[in-house]
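Here is what each chain is made of, one letter per residue.
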Amino acid sequence: MAIFKKPILRSLTSKTREMPTGLWTKCPSCSEVIHNFALEENLQVCPKCGHHFNLGSRERITSLVDPDSFEEHDASMSSVDPLGFKGVTTYADRLRSYKQKTGLVDAVTTGGAKINGHSVGLGVMDFNFLAATMGSVVGEKITRIIEFSTKQKMPVILVCASGGARMYEGMLSLMQMAKTSGALALHAQARLPYITILTNPTTAGVMASYASLGDIIIAEPKAMIGFAGPRVIRETTHQTLPADFQTAEFLEKHGLVDLIVERAKMRSTLSDILGYLGSK
Amino acid sequence: MNKQTLDFEKPIVELEQKLGELLRQSEERKIDLRSEIESMQRKIEATRERVYGSLTAWQRVQISRHIARPFFLDYVRMACTDFVELKGDRLFGDDASMPGGLATIGGIRCVVIGQQKGRDMKENLLRNFGSPHPEGYRKALRLMRMAEKFGFPFVAFIDTPGAYPGIGAEERHIAEAIAVNIRDMMALRTPIVSIVIGEGGSGGALGIGVADRVLMLENAYYSVISPEGCAAILWKHRKHAPEAAEALKLCAPDLVKMGLVDGVIPEPAGGAHCDPEQAADNIRATIEKELQILSKTPIEKLLTSRYEKFRRMGVFEE
């Protein structure tokens, strides 16, 4: 006969903590509950474990450039539905709802800016808008900022994030890979520096074009970076994927990126690199 | 020839069987069935015209994947002479899914490359079902540089379901291999012709597809995503691939209309697999014609118009 009974702890374990929505965020990495204001202050990085949350393009630009130096280009350029794409929902519907949800016009913001006094052409993708897929607008705005920078003899910095091509635009979206990479060929011929920053996640068509073409390629910690999606790879190869597969650290280990830089140090790192490659 | 019959081809195959029967009877029994035979032949022609005159996008996708369809090395054999295969990327290995080398097309010395599928399991394992690894794209780039160095035009045959999604491919940076090709083809100082002969599978196709002339065989498709992949994402099930194929506008006529592809090479009645020699003739004649024009164009002008062509691609409003 047991003298001691196992204590019943049900009441302690089953209790879920209620969180008012919109005020607190739970870190998916360390489970710390963080006040949204603290998260914002810390550039959407968990103060406890350093997990990098998605950072919107506006906040990203503010975090990188000299105050008031950003001059946006092509702010009103917006997507149309060139194929009249009808799936379960139409492309036109999707565009409308994402514009409303994010307050953005499309998935990239571009413009001229200064970083520690260095003039640069800057493009920042925003994963919140249709998974930052690349359609005609993304391709055109990126191409224009590259061409503008070539003309102005400036470095280009592209902050990438993308789920890939925007299939609602069919082959028009695939060809944006050629258009943007072509513009980079001319920028490179002019011996101008090109820096890419790969954020979570950067994949597929964007990865197989301008994201991989930087003279310097920087990744954010733990960012998922790759060509094919892990599910597709698992289904095609029937292999177990390595634990760190397609993370920034995996790419660093295999020699595919120059360095991994945490968000708080991104601006100073860019400034250091521009000190070597940029012109004031 | 391995003749796999597609659903919509069945009426034609059935009539062809009847015709065979008529021919056999007239031969064996020495009876005059000439009028029946002629009417059957007319019927076959009419049915063929009806079926192939109104192909849906999905039907074309099926033809483009037909097991009996001529593959890259079939065209090398039929449309080129003196092929010398050149292997390897000089870095890691040789990718058998994308063979390439020196070849003469209509008297013009060229560097050729193409994605190659297999017809049986053994060959498909060797060719990786036509899905290249990074080594394929890096070999292609090596051969492009060779073409540029020796002043040969570069001719690429596209026929891939897509670049290979695998662990090794990611470790050796397939995305970078494709990206570098796309960028460097834009500035390659020699004429480039790319022809989609079967499947034009997304980035894996574009990785050898930036060209002065991008051409497609009549029943080939060129798409940003496979119809099955698109259906799985947008319709939540692969069975909707026919609708996805329609929506993606991935057939040659639509792509020409949108200015994304420069021209269509006609296929013999019933598709390239019905008369591979004819298909090869059409390809050779087209390459010859295009290369004659391109080789007379000054290189600076060629590069400008190559850039301008891709630069114009995109539809948006401001």
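Residues numbered from 1 in each chain as written. Chains lettered and ligands numbered in written order. Predicted model: local features only at pLDDT ≥ 70, side-chain atom pairs only at ≥ 80, totals over all residues. Heavy atoms only, no water.

Caption draft 1: Structural detail: the nonpolar core. Core analysis: the biggest nonpolar cluster contains 139 residues, and Phe85 and Tyr210 of chain A together with Tyr75, Phe154 and Tyr222 of chain B have the highest contact counts within it. Grouped together as the second largest cluster of nonpolar side chains are 19 residues, Ile61, Ala113, Val124 and Ile157 of chain A included. (Core = buried A, V, L, I, M, F, W, Y, C linked by side-chain atoms within 4.5 Å. Buried < 20%, exposed > 50% of the residue type's maximum accessible area, 1.4 Å probe, protein only.)

Caption draft 2: Broad picture of the side chain of Glu9 of chain B. Residues and elements named next belong to chain B. Along the chain, Glu9 turns up in the segment before helix H1 (10-28). The class of Glu9 is buried, set by a relative accessible area of 5%. Leaving out residues up to four positions away in the same chain, Glu9 has contacts with Gln4, Tyr52, His66, Gly270 and His273. (Helix = DSSP H or I, 4+ residues; strand = E, 2+ residues; numbered from the N terminus. Contact = heavy atoms within 4.5 Å.)

Caption draft 3: Geometry of a nonpolar patch on the surface. All names here are of chain B. On the surface, Met121, Leu125 and Phe129 cluster together into a nonpolar patch covering about 330 Å² of accessible area. Of note, Phe129 is situated in the loop between helix H5 (121-127) and helix H6 (134-150). Taking the relative accessible area as the measure of exposure, Phe129 reaches 39% and is therefore partly exposed. (Patch = residues over 30% accessible without salt bridge, like charges linked within 9 Å, V, L, I, M, F, W, Y side chains within 5 Å. Areas by Shrake-Rupley, 256 points an atom, 1.4 Å probe, with all protein chains shown as cover. Salt bridge = Lys/Arg side-chain N within 4 Å of Asp/Glu carboxyl O.)

Caption draft 4: Highlighting the interface of chain A and chain B. Taken together, the contacts link 57 residues of chain A with 45 residues of chain B. Here chain A meets chain B over a buried area of about 4600 Å², counting both sides, of which 73% is carbon and sulfur. Seen at the junction of chain A and chain B, the total is three salt bridges. Across the chain A-chain B interface, the total number found is 13 residue pairs in polar contact (both at pLDDT 80 or more). (Buried area = accessible area lost by both parts, 1.4 Å probe. Polar contact = N/O pair within 3.5 Å; in protein donor to acceptor, adjacent residues only side chain to side chain.)

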